[in-house]
Amino acid sequence: MEEQQSPFQAAIKPGLTIGLVSMAITYLAYFINSSLLASGWFSLVSLAIAVAFVIYFGSQYRAERGGFMSFGTAFNFSFISLVISAIVGTIGLMVLYQVVDPSLPQVLADEAFQTTLETMEKFGASVDAMSPEQLEEMRMATLDGFTVAGQLKGFGFILIFYAIVALILGAILKKRDKSLDY
């Protein structure tokens, strides 16, 4: 009988695949129109693709385990896959921002800042009432998110977010063996 892989072992290949696909999509968007990278829609589409891949690979892993998987195993598989993909994606972004196009962070920060101001105005906040110092502080905070330190901090926040997503994916992927019920 073949020995089953642990969730960690099984999640390595899917995590790398998701990360590389994410990186390829990011670089493709960069080459098409770099402003896409500052778009909220781009982030949502990337998340949807990652979730779809985790569900696909998780279903395969569940089938390898005999068609059943506990919530804990499904959560571990999902979370580890997402963490590995986040590591690959963060490294890819660091290379893009620091090596490929060092001017890109400034461009993206300016676009994100403008989007933030427009959103504030849509919700009734008066941008005109803000002092130039406040606006500059907001602009610098946005730019800091694109630095290496900012990306590492963002990676920490994404881990928390991915833990929540993995809980949802664990609930989707789990399937208990009802024949074991008494």
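What you are looking at is a predicted structure, and each value in this text was computed from that prediction instead of being measured.

## A look at the side chain of Thr 26
Here is step 1: Looking at where Thr 26 falls in the secondary structure, it is placed in helix H1 (residues 7–32).
Here is step 2: Not counting residues up to four positions away in its chain, the partners in contact with Thr 26 are Leu 37, Phe 42, Leu 93 and Leu 96.

## A look at the pattern of salt bridges
Here is step 1: Scanning all chains against the criterion turns up two salt bridges.
Here is step 2: Close ionic contact of Arg 139 with Glu 136 constitutes a salt bridge, the shortest N to O distance being 3.8 Å. With a gap of three residues between them, Arg 139 and Glu 136 both fall in helix H5 (residues 132–144), about one helical turn apart.
Here is step 3: Judged by relative accessible area, Glu 136 falls into the partly exposed class, the value being 38%.
Here is step 4: Here the residues in one salt-bridge network are Asp 110, Glu 136 and Arg 139, joined through shared partners.

## A few points about a nonpolar patch on the surface
Here is step 1: Residues Ile 87, Ile 91, Val 95, Val 99 and Val 100 make up a contiguous nonpolar surface patch of roughly 410 Å² in combined accessible area.
Here is step 2: Tracing the chain through its elements places Val 95 in helix H3 (residues 71–100).

## Quick word on the packing of H3 against helix H6 (residues 148–173)
Packed helices, taken two at a time, are described by their axes: the angle between them and the distance between them.
Here is step 1: Two elements in contact, H3 and H6, have axes whose closest approach is 8 Å; the angle formed by their N-to-C orientations is 155 degrees. Judged on the interaxial angle alone, H6 and H3 are roughly antiparallel. Remark: the crossing between H3 and H6 carries right-handed chirality.
Here is step 2: Grouping the amino acids of the contact of H3 with H6 by side-chain chemistry returns 24 nonpolar, five polar and no charged.

## A short note on helix H2 (residues 40–64)
Here is step 1: In this model H2 runs 36 Å from its N-terminal to its C-terminal C-alpha over 25 residues, within 8% of the 36 Å that 1.5 Å per residue would give.
Here is step 2: Within H2, the full set of buried residues consists of Phe 42, Ala 50, Val 54, Phe 57, Gly 58, Tyr 61 and Arg 62.
Here is step 3: If you follow the buried residues of H2, they end up packed against H1, H3 and H6.
Here is step 4: Positive phi appears at Gly 66, one or two residues downstream of H2, with a value of about 95 degrees.

What counts, and where the lines are drawn
Residues numbered from 1 in each chain as written. Predicted model: local features only at pLDDT ≥ 70, side-chain atom pairs only at ≥ 80, totals over all residues. Heavy atoms only, no water. Helix = DSSP H or I, 4+ residues; strand = E, 2+ residues; numbered from the N terminus. Contact = heavy atoms within 4.5 Å. Salt bridge = Lys/Arg side-chain N within 4 Å of Asp/Glu carboxyl O. Buried < 20%, exposed > 50% of the residue type's maximum accessible area, 1.4 Å probe, protein only. Patch = residues over 30% accessible without salt bridge, like charges linked within 9 Å, V, L, I, M, F, W, Y side chains within 5 Å. Areas by Shrake-Rupley, 256 points an atom, 1.4 Å probe, with all protein chains shown as cover. Axes fitted to C-alpha atoms, helices over the stretch in contact; angles between N-to-C directions. Parallel < 35°, antiparallel > 145°, perpendicular 65-115°, else oblique. Left-handed = near helix turned anticlockwise from the far one by under 90°. Nonpolar A, V, L, I, M, F, W, Y, C, P; charged D, E, K, R; others polar. Expected span 1.5 Å × (residues − 1).

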